[in-house]
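A structural walkthrough
Residues per chain, in single letters:
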Number of protein chains: 2
Amino acid sequence: MVRKTKEDAELTRLSIIDAARIVFLARGVSRTTLEHIATQAEVTRGAVYWHFKNKAEIFHALRDQAFLPLIDRMDDMLAVENTNDKTSNKQEDPLTQIENSLCHTIVELNSDLQMRQTYEIMMIKCEYVEDFATVLQEILNNCSSITEKIQLAYERAKSLNLLSGSHSPRALALDTHLFFSGLLHMWVKDADGSRFRFQAIELIKSHVDLRRK
Amino acid sequence: MVRKTKEDAELTRLSIIDAARIVFLARGVSRTTLEHIATQAEVTRGAVYWHFKNKAEIFHALRDQAFLPLIDRMDDMLAVENTNDKTSNKQEDPLTQIENSLCHTIVELNSDLQMRQTYEIMMIKCEYVEDFATVLQEILNNCSSITEKIQLAYERAKSLNLLSGSHSPRALALDTHLFFSGLLHMWVKDADGSRFRFQAIELIKSHVDLRRK
DNA sequence: GTTTACATACATTCATGTTTGTATATAATA
DNA sequence: TATTATATACAAACATGAATGTATGTAAAC
């Protein structure tokens, strides 16, 4: 049980990230030792230090694994209508596009335990200081970009005369973004699911409906 | 510089909580030592251990100091109209009541640096595990109770025929709660204020307006 | 005189980073 | 193709620096 092939080494790397997720979730990021992670991954700290510089690097790897794909997917679902692609979300009306992209995120979280756990870690098991503060800024940037996409969708909806009332697409987008941000937080904190988890989809539909003519 | 009067001791206690806030904010809760807090408060760890059992107890004290008053105030502003009290928020229409209670919280946060810092600690400088997990549950309970108050206000608004559309007060309340929860999070994370801090009031007004007939 | 409100000193545990050791994969060379 | 060299992927040991909790000391208040 010593030297492995490159493929084995990659598996070790992944299992360390996997282990980190489990231990971070249970003990919080600060309180988990590299020893904890190593034990969970059934390796020694030597292996951990071989693959990662320190705990922060593991944290970043974990984030990249779960966060980025979801952000990308959301971005994609909010993209401008593309008439060549009949199978995608893009032929829906803009409001339905918004609704679908939000719902999709929730569905993903519901079906993917690991992603759910990672979100929980990022939201309530991590202190955003020093090495971790940058992650927060990145998240904020992602949020901004998504808000802009939502705004564009609302602008399309407006020009298609789909909106009730006369609110600015900007204000609508910010409101939607804050709603969804709050929903994700509550969704994560609501461990037993009694408050938000089981009605998240409903809440999204209701939120979007409020804007529909 | 040894034994003090009861009043002096109470001042020491408060200065320890004050110091904890400063250090928690800068270093995160986990990474701050009781030594850090003691130094900041210009006492020794002896004094800290005299007044508090451990770090978690300081954390709880800090929370009680900043959180509870704000919650109470919000609760109060959402209370049922009281015709005897002409000076309060209670003579406003229910939707304005909701708007005011949300705005009030933001104004408070804007004017009270310490409260703002405490919120920041609770949201992004603390890991909710073990000793701290209970705090999260308490926060969730507070949220539930506020949501209920908001729902009651929406019900009053509905019976006064102030609402546009035909959405249920329950759905409206949840939506508002999630919006505000998201707003608080963003408000706190948005350190330089460029994204949310300076337009929070506007966003609240716009959110409530969306529901007004 | 006793309790209070601390300061100081001590003991222990624990986490981190580094260093060293080592078996094996892989590339180089002959 | 067989041999050798080197880099890889770890394990194990070590050294250091905290951080915690407790125990003890002490001066002033009551």
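Nothing here was measured: the structure is a model prediction, and the numbers come from that model.

**What about the overall build of chain A?**
- Helix and strand counts for chain A stand at nine helices and zero strands.
- Residues counted as buried form 53% of the 213 residues belonging to chain A.
- Considering only intrachain contacts with a sequence separation of at least 6, the fraction spanning at least 24 residues in chain A is 67%.
- In the form shown here, chain A has an accessible surface area of approximately 9800 Å², with 52% of it arising from carbon and sulfur atoms.
- One way to put it: in chain A the 27 positive side-chain charges average out to a point 2 Å from where the 30 negative ones average out.

**Brief notes about the interface of chain B and chain A**
- Every contact between the two is made by 45 residues of chain B and, on the other side, 45 residues of chain A.
- For the pair chain B and chain A, the two sides together bury roughly 4100 Å², of which 59% comes from carbon and sulfur.
- When the buried area of chain B at its contact with chain A is split by residue, Glu-127, Leu-178 and Leu-210 of chain B rank highest and sum to 17% of it.
- Seen at the junction of chain B and chain A, the total is two salt bridges.

**Concerning the pattern of salt bridges**
- Applying the stated criterion across every chain, the model contains 22 salt bridges over all chains.
- We note a salt bridge from Arg-31 of chain A to Glu-130 of chain B, for which the minimum N-O separation is 3.0 Å. With Arg-31 of chain A in the loop between α1 (6-27) and α2 (34-41) and Glu-130 of chain B in the loop between α6 (113-124) and α7 (133-159), this pair bridges two chains.
- Across the pair Arg-63 of chain B and Glu-138 of chain B runs a salt bridge, and its minimum N-O distance is 2.9 Å. With Arg-63 of chain B in helix α4 (residues 55-77) and Glu-138 of chain B in helix α7, the pair connects residues that are 75 residues apart, well separated along the chain.
- Connected via shared salt-bridge partners are Asp-93, Glu-99, Lys-205, Asp-209 and Arg-212 of chain A.

**Comments concerning the relation of the copies chain B and chain A**
- Take chain B, turn it by 180°, move it 0.0 Å along the axis, and it overlays chain A with an RMSD of 0.0 Å. Put plainly, the chains are arranged around a two-fold axis.
- A shared binding surface is used by both copies, with 100% of the interface residues of chain B retained as interface residues in chain A.

**Some remarks on the domain arrangement of chain A**
Residue and element names in this part refer to chain A.
- We note that the domain assignment places domain 1 (1-52) and domain 2 (62-209) within chain A.
- Taking only C-alpha atoms, the centre of domain 1 and the centre of domain 2 are 31 Å apart.
- Domain 1 puts nine residues into the contact, and the matching count from domain 2 is eleven residues.
- Buried area between domain 1 and domain 2, both sides added, is near 930 Å², and the carbon and sulfur share of it is 65%.
- Taken as a group, Arg-21, Leu-25 and Val-29 account for 64% of the area that domain 1 buries against domain 2, more than any other trio of residues on that side.
- Where domain 1 touches domain 2, the interface holds zero salt bridges.
- The interface formed by domain 1 and domain 2 holds four residue pairs in polar contact (both at pLDDT 80 or more) in total.
- Along the lines of polarity and charge, the residues of the side of domain 1 that touches domain 2 split into five nonpolar, two polar and two charged.

**What to know about helix α9 (residues 200-209) of chain B**
- What α9 of chain B keeps buried is the set Ala-200, Leu-203, Ile-204, Ser-206, His-207 and Val-208 of chain B.
- Where α9 of chain B is buried, its residues touch α8 (169-189) of chain A together with α5 (94-111), α7 and α8 (169-189) of chain B.

**Concerning the nonpolar core**
- Phe-59 and Tyr-128 of chain A together with Phe-59 and Tyr-128 of chain B are the most contacted members of the largest nonpolar core, which has 134 residues in total.
- Setting aside residues no more than four positions away along its own chain, Phe-59 of chain A makes contact with Phe-24, Val-29, Ile-121, Met-122, Cys-126, Tyr-128, Phe-132 and Val-135 of chain A.

**Concerning unusual backbone geometry**
Residues and elements named next belong to chain A.
- Non-glycine residue Glu-42 carries a positive phi angle of around 60°.
- Within the element layout of this structure, Glu-42 appears in the loop between α2 and α3 (45-51).
- Positive phi values are uncommon outside glycine, yet Asn-161 reaches one of about 60°.
- Its place among the elements puts Asn-161 in the loop between α7 (133-159) and α8.

The rules behind these values
- Sequence order sets the numbering: in each chain, residues are counted from 1 along the sequence as written.
- Chain labels run from A onward and ligand labels from 1 onward, assigned in the order the entries are written.
- Two thresholds apply to this predicted model, a pLDDT of at least 70 for residue-level local features and 80 or more for giving and counting side-chain atom pairs, whereas whole-chain, interface and lining totals are computed over all residues.
- Side-chain numbers here rest on the full set of heavy atoms in the structure, without hydrogens or water.
- Only runs of H or I of at least four residues qualify as helices and only runs of E of at least two qualify as strands under DSSP, and these elements are numbered from the N terminus.
- Exposure is judged per residue with a 1.4 Å probe applied to protein chains only, and the accessible area is read against the type maximum: over 50% gives exposed, under 20% gives buried, and values in between give partly exposed.
- Every residue pair with non-hydrogen atoms within 4.5 Å of one another is taken to be in contact.
- The accessible surface values rely on the Shrake-Rupley method and a 1.4 Å probe; as for residues, cover is taken only from the protein chains in view.
- Positive: Lys, Arg. Negative: Asp, Glu. His and the chain ends are not part of the count.
- Charge positions are represented by NZ for Lys, CZ for Arg, CG for Asp and CD for Glu.
- Put simply, buried area is how much 1.4 Å-probe accessible surface two parts lose in total, over both of them, once they are put together.
- In what follows, salt bridge is the name for a side-chain nitrogen of Lys or Arg lying within 4 Å of a carboxyl oxygen of Asp or Glu.
- To line up the copies, we fit them by least squares on C-alpha atoms, keeping just the residues with pLDDT of at least 70 in both.
- For each domain, the first and last residues come from an automatic or database assignment.
- Under the rule applied, a polar contact is a pair of N or O atoms within 3.5 Å (in protein, one hydrogen donor and one hydrogen acceptor; residues adjacent in sequence only if both atoms are side-chain atoms).
- Each residue receives one of three labels: charged for Asp, Glu, Lys and Arg, nonpolar for Ala, Val, Leu, Ile, Met, Phe, Trp, Tyr, Cys and Pro, and polar for the others, Gly being one of them.
- Throughout this description, the term nonpolar core refers to a set of buried Ala, Val, Leu, Ile, Met, Phe, Trp, Tyr and Cys residues connected via side-chain atoms within 4.5 Å.

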